[in-house]
Amino acid sequence: MNALLLRSNVIEDGLDRQNIAQLNKRFLAVNDDRLERMRGALSDRQQLFMDVLPLLFHTNHHMMPGFVSRQTPSRISHFKPTKRDTIVGKMVAKSFTIPFDPSAEDNIFGIYIMGSVGTIAQSERSDLDIWICHRPGMNRKDRAELQEKSDKISKWAMGMRLEAHFFLMDHEAFKSKKVAELNKESSGSAQHLLLLEEFYRSAIFVAGRTPIWWYVPIASETIFKEYTNTLLYKRFIPNDSVIDFGGIAEIPAGEFLGAGVWQLYKAIESPYKSVLKLLLLEAYVAKYPDIEPLSLTFKNLIFQGELNINALDSYVMIYQRIEQHLLKKKQHKRLELARRCFYFKVNKPLSRPPSVRAKSWQRLLLEELTESWGWDHDHIQFLDSRASWKAAHVSDEHNLLVNELNHSYRFLLEFANSTAKNERAISSSELMVLGRKLQAAFERRPGKIDLVNPGISKDISESVLHISRVNPEDHPQGHSKEKDESIWTAFSHEAGVAISSKGSAVKSSNNPIELILWSHLNGVITRGTAVDFNDDTILSSLELRRLLNFFKEWLPLPLPCVDQDNFQRSATPESVLFLLNAGKSAEPELNRQGFQRMSDNSDALSYGGLEENLVASVDVVVKNSWNEVIIRRFENDDALLDAIKDYLQLTLPNTHQMPPKIKVACVGDAHANTITKRVERWLKDIMNCFFSGKESQHKRFIFQMRGAYHCLQFNNLRPKISTFRSESLLIDHLELEQEHHSPIVLDSNVLPGHPLRSVTQSLHANAINVFYRRFDIGIEIYLVDERGSVLHRIFRGRRKYNPLKPLYVFLRSILYRQAQVNTELEGDFGVYPIHFSEILKNSGGKFVTQARKIVSEMPEHAMFEVKASAHLGPNRELSYNYYCDGQEFSGQSLGKQLEIVVSQYILSRRTVGDRYPVYITDLDLSQVSDIISNHGSLQTVHYLRIKNLLESKLNQAIGILLNA
């Protein structure tokens, strides 16, 4: 206790009970003036709410609004209901009486209203933020009942068109910085002392205990706890008459970042108010660490005897502090924006006569301020017409606001980085959520549709909108583009005025479809808007109407509100529109070139005899889970290929996230229905390929477009499309090694009469699949190995010597060898299955497959074993050794004569004149796997490729020897 008395002389020398009583009268006088101003802005019914508010929390009467139970925490400290209070209560509930229980505990320490009420900024739409300060340490059940009561009272107030938000406050917990999580009405942990600072300068005391902060001189803020303890210990103030939220001598630097981010979040819906708050924060930190918050200025004025309610108006004080800061920095443009924000916040249109005969105090004060700013009648009239500003003015205003918000945020961020690196006034999770909301609302990037009217104007629709191509050098905004790249600009016109390119420029873009989408989402184009294109070759009036209808059906307005939980995760696409041939069509160009349909081929991706792609442009429009709308345009021959790659980057396979449903719409073209259905089926096949079943991320999708074949496959999580001009080149590509098992999926229209379609539809899982087709002078083989690689070979010769049995022997040999190191080849009982099927044509002329059994025993003449093994030479070149019936032939020793020598030996073991191919029966590649395979892991196709190479060399050598 002695510690508390050490500086008691400061109090005794500077204050006494009479001074404290005088201070109390001053604060209460200012409070009464504010309360009266607040009531003056309310209707009679709303004033009744204010009159009965203390009674609602002081009592639990079953007929009164908010009743939960008789045990709900009640009774307000030092509140003594009068006869008038009883009359007011009976106006709400006729049976109302005030219970008398002298032993009842005071559970409500105070009721306060904070915000813009009672200030120049109060309007009919101002809501009430009401602090209900309850007994510290209240248990969960009692607090839940008190919250339920508050919610019911809020609902009752809404019936009076009064928006009241109640915040339950434990002042001891508040001092310990235990605050609620971030929500729509709360800044969470983003600010603590700054919230208290705003409370002290703006709160209206309604009932209960007064803040002890009132009685602490500014000079003693640094010893707030010691000073207040002494006040109470010396009994200058009764302990049960005051409430202690703590002092604000030093606001941590880190709070300014948290408060700045919070205000940016609020700016999404209320930019003008947030700009003022951000500028105030900037004015504060500009003097860091010697900050004097407005609440201390407010208190100091009262200590000095200032009771002029206009001089103590919290919003006027905010403006004056901002004005001082910006004038000192000579930033007059920003000051003009701050004045405009203040004017709009007050919302008293001075160019119009007052609604009542006598001018309100707010109007008189605002007239005084605007006169000091030098605003003339025309300027004020322009500002007062804000509700009817059109897109051009709104876009300019939005740009100014966003630039200011970005400027303030950068300023605060730099301040935080330089002074508050180790402070965390906002939790990382809240910072993440706020950052994502800001990104969704304000970030500008190519293709993103920015929404420019966050409450600036009531209606920015245009009666007439003219969209015209403008050369870059003639553009009103001076765009610097390539000479051959034109800019599309939307010009607004009044109804009945002749259309010319001299209208007011609303918006410009390189993409006319983006321009129309922007106009739709921002409400510039509505049902009553007449839209005109100066170039019918881009969009006819009919196509323009169809385009707008597509947008309205796909993305109706207004956009739904985003759930708070959506910002806990990265943005994901929710809806996608593939808009085909909007402003560009392949058909007119084909007609101009004299191309006509000369075949029955109606595939829109390979149309007619020339196999032309009828999709000339694609606009991919994506709405994501943060309500961002992004459009990207793709044109010319590869438009659809580029569009699908762009789309697949949004939702990668095997990420446990199904892609959103795609809406396909074709705007122009005589074949719109054909094109739409074909692209819908093509996209459906792609989605089924990569987003269903196992190993979907490794599949290969084959399709045909413009007469060429394409293979779509993911490589390191990036979609890649390889193009081939012939079937043979495509099949060669399918032979390439694969890092994973990569099944082949064919588009519904590709290779309709090719054996490969029946092959891909007849595969046995976890097996080597061999398909063969006989023809007059040989046999054709498609072998699909364990990773889906397809080896295609044609063997010519007599049926007696077909390669199927030797192939089976070879496969069984290498599978046994591979199984020692490759778990993919571990089949049942250690035997990996090999399935043979014959390719036949059915009665309808289509290829089908039938399973066949291949006898493993080789014919006697072919039982001669020819094995090979690969080695690396001194210069890492490949060489091979042959083993024929145990006889070794070294590639290193024999060099270029290797095949001739081996062939001579083979012929020496045959009957004279016997002609048939040599088949390798086994192959060892274990020492060269890292050279042969890009992935360092061998698969069957590697063996088969080298087997065919070696067999070709040996059979060629045998032919030379036999023909010599």
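Residues numbered from 1 in each chain as written. Predicted model: local features only at pLDDT ≥ 70, side-chain atom pairs only at ≥ 80, totals over all residues. Heavy atoms only, no water.

### Describing the packing of helix H10 (residues 253–267) against helix H18 (residues 428–442)
Working step 1: For the pair H10 and H18, interaxial distance at closest approach is 9 Å and the crossing angle is 40°. Judged on the interaxial angle alone, H18 and H10 are oblique. Regarding H10 and H18, the two cross each other, and that crossing is left-handed. In contact with Val 261, Trp 262, Leu 264, Tyr 265 and Ala 267 of H10, H18 contributes Leu 431, Leu 434, Lys 437, Leu 438 and Phe 442.
Working step 2: Split into classes, the residues belonging to the contact of H10 with H18 amount to nine nonpolar, no polar and one charged. (Axes fitted to C-alpha atoms, helices over the stretch in contact; angles between N-to-C directions. Helix = DSSP H or I, 4+ residues; strand = E, 2+ residues; numbered from the N terminus. Parallel < 35°, antiparallel > 145°, perpendicular 65-115°, else oblique. Left-handed = near helix turned anticlockwise from the far one by under 90°. Contact = heavy atoms within 4.5 Å. Nonpolar A, V, L, I, M, F, W, Y, C, P; charged D, E, K, R; others polar.)

### What about the environment of Ile 631?
Working step 1: Looking at the secondary structure, you find Ile 631 in strand S13 (residues 629–635).
Working step 2: Taking the C-alpha atoms as reference, Ile 631 lies 5.6 Å from Val 620; in sequence the two are eleven residues apart.

### Some remarks on the sheet that holds strand S12 (residues 617–624)
Working step 1: A sheet is described by the order of its strands in space; here four strands give the open sequence S13-S12-S11-S14, paired in mixed fashion. At either margin of the open sheet sits one strand with a lone partner, and together these are S13 and strand S14 (662–666). Geometrically, the sheet is characterised by an average inter-axis angle of 15° between neighbouring strands, direction not taken into account.
Working step 2: Strand direction decides the pairing type here: strand S11 (residues 573–580) and S14, joined by five bridges, are parallel. When the bridges of S14 are listed, Val 576 appears paired with Ile 662.
Working step 3: The strands touched by helix H23 (residues 672–690) are S11 and S14; relative to S14, the strand with the most contacts, the crossing angle is about 155°. (Pairing = 2+ DSSP bridges.)

### Re the side chain of Asp 785
Working step 1: Among the structural elements, Asp 785 can be located in the loop between strand S20 (778–784) and strand S21 (790–796).
Working step 2: Buried charged residue Asp 785 carries no salt bridge. Nearest counter-charge: Arg 700, at 6.7 Å.
Working step 3: A polar contact of 3.1 Å, which involves the side chain of Asp 785, links it to the backbone nitrogen of Val 941.
Working step 4: Setting aside anything within four residues of it in sequence, one finds Asp 785 in contact with Ala 767, Ile 768, Gln 939, Thr 940 and Val 941. (Buried < 20%, exposed > 50% of the residue type's maximum accessible area, 1.4 Å probe, protein only. Lys, Arg positive; Asp, Glu negative; His and termini not counted. Salt bridge = Lys/Arg side-chain N within 4 Å of Asp/Glu carboxyl O. Polar contact = N/O pair within 3.5 Å; in protein donor to acceptor, adjacent residues only side chain to side chain.)

### Regarding helix H20 (residues 541–554)
Working step 1: Along its 14 residues, H20 runs 20 Å from first to last C-alpha, staying within 8% of the 20 Å computed at 1.5 Å per residue.
Working step 2: Among all positions in H20, only Glu 543, Leu 544, Leu 547, Leu 548, Phe 550, Phe 551 and Trp 554 are buried. Buried residues of H20, viewed axially, fall in a sector of 155°; they line one side. Those residues of H20 that are exposed and angled more than 90 degrees off the buried face are Leu 542 and Glu 553. (Expected span 1.5 Å × (residues − 1). Arc of directions from axis to C-beta.)

### Let's talk about the environment of Leu 517
Working step 1: Mapped onto the elements of the fold, Leu 517 is located in helix H19 (residues 512–521).
Working step 2: Given a relative accessible area of 0%, Leu 517 falls into the buried group.
Working step 3: As for Leu 517 and Leu 548, which are separated by 31 residues in sequence, their C-alpha atoms are 8.1 Å apart.
Working step 4: Residues contacting Leu 517, with those up to four places away along its chain left out, are Ile 449, Phe 551, Val 621, Val 629 and Ile 631.

### Comments concerning unusual backbone geometry
Working step 1: With an omega dihedral of 5°, the bond running from Tyr 288 to Pro 289 counts as a cis peptide bond.
Working step 2: With respect to the helices and strands, the residue Pro 289 is situated in the loop between helix H11 (271–285) and helix H12 (294–303).
Working step 3: Note that the residue after Leu 557, namely Pro 558, is joined by a cis bond; omega there is -5°.
Working step 4: Here Pro 558 lies in the loop between H20 and S11.
Working step 5: Positive phi is not limited to glycine here, since Arg 235 has a value of about 60°.
Working step 6: You can see Arg 235 is positioned in the loop between helix H9 (224–233) and strand S6 (242–243).
Working step 7: With relative accessibility at 66%, the residue Arg 235 sits in the exposed group.
Working step 8: The phi dihedral of Asp 885 is positive, around 50°, even though this residue is not glycine.
Working step 9: Along the chain, the position of Asp 885 falls in the loop between strand S25 (878–884) and strand S26 (887–889).

### Some thoughts on the side chain of Lys 448
Working step 1: The residue Lys 448 is located in the loop between H18 and strand S7 (464–470) in this model.
Working step 2: Here Ala 440 takes part through its backbone oxygen, which lies 2.9 Å from a polar atom of the side chain of Lys 448.
Working step 3: When near neighbours in sequence (up to four residues on either side) are disregarded, Lys 448 contacts Gln 439, Ala 440, Ala 441, Glu 443, Glu 628, Val 629 and Ile 630.

### What to know about the pairing of S20
Working step 1: In terms of burial, S20 is a largely internal element, seven of the seven residues being buried.
Working step 2: What you see with S20 is no split at all: Gly 778, Glu 780, Tyr 782 and Val 784 on one side and Ile 779, Ile 781 and Leu 783 on the other are buried throughout.
Working step 3: Note that strand S19 (residues 768–775) and S20 share seven bridges and pair antiparallel. Note on S20: the bridge partner recorded for Tyr 772 is Ile 781.
Working step 4: Connecting S19 to the antiparallel partner S20 that follows it, the hairpin turn spans two residues.
Working step 5: Bridge count between S20 and S21: seven bridges; the pairing is antiparallel. Along S21, the bridge assignment pairs Glu 780 with Ile 794.

### Focus: a nonpolar patch on the surface
Working step 1: On the surface, a nonpolar cluster with roughly 250 Å² of combined accessible area is contributed by Phe 775, Ile 777 and Ile 794.
Working step 2: Within the fold, Ile 777 resides in the loop between S19 and S20. (Patch = residues over 30% accessible without salt bridge, like charges linked within 9 Å, V, L, I, M, F, W, Y side chains within 5 Å. Areas by Shrake-Rupley, 256 points an atom, 1.4 Å probe, with all protein chains shown as cover.)

### Focus on the pattern of salt bridges
Working step 1: This structure, assessed with the given rule, holds 39 salt bridges.
Working step 2: Across the salt bridge formed by Lys 623 and Glu 574, the nearest N and O atoms sit 2.9 Å from each other. One end of the pair, Lys 623, is in strand S12; the other, Glu 574, is in strand S11, with 49 residues separating them in the sequence.
Working step 3: By relative accessible area, Lys 623 is classed as buried at 8%.
Working step 4: Linking Arg 909 and Asp 885 is a salt bridge whose minimum nitrogen-to-oxygen distance equals 3.3 Å. Of this pair, Arg 909 sits in the loop between helix H28 (898–908) and strand S27 (922–924) while Asp 885 is found in the loop between S25 and S26, placing the two residues 24 residues apart along the sequence.
Working step 5: One network of salt bridges, in which partners are shared, links Glu 282, Lys 329, Arg 334 and Glu 404.

### Let's talk about the nonpolar core
Working step 1: Ranked by size, the top nonpolar core spans 131 residues in total, and within it Phe 245, Phe 256, Phe 342, Ile 516 and Leu 579 carry the most contacts.
Working step 2: The residues touching Leu 579, leaving out its near neighbours within four places in the chain, are Ile 513, Leu 547, Phe 550, Phe 551, Ser 617, Val 618, Asp 619, Ala 665 and Val 667.
Working step 3: Among the nonpolar cores identified, the runner-up in size contains 44 residues, and Leu 807, Leu 811, Val 902 and Leu 938 belong to it. (Core = buried A, V, L, I, M, F, W, Y, C linked by side-chain atoms within 4.5 Å.)

### Things to note about the packing of aromatic side chains
Any aromatic ring pair is given by two values, namely how distant the centres are and how the planes are angled relative to each other.
Working step 1: Under the criterion given, the structure shown has 34 aromatic pairs.
Working step 2: Measuring from centroid to centroid gives 5.1 Å for Trp 262 and Tyr 265, while their planes differ by 45°, and the two rings are tilted. Here the residue Trp 262 and the residue Tyr 265 both occupy positions in helix H10, the gap between them amounting to three residues, near one helical turn. Each member of the pair, Trp 262 together with Tyr 265, is buried. (Phe/Tyr/Trp six-rings, centres within 6.5 Å; stacked < 30°, edge-to-face > 60°.)

### Regarding the sheet that holds S7
Working step 1: The four strands are arranged S9-S8-S7-S10 in an open sheet whose pairing can be described as mixed. With partners counted over all chains shown, the strands left at the sheet margins are strand S9 (504–509) and strand S10 (530–533), one partner each. Each adjacent strand pair in this sheet contributes to an overall mean axis angle of 25°, direction not counted.
Working step 2: Each of S7, strand S8 (487–493), S9 and S10 is contacted by H19, which is oriented at about 125° to S9, the strand it contacts most.

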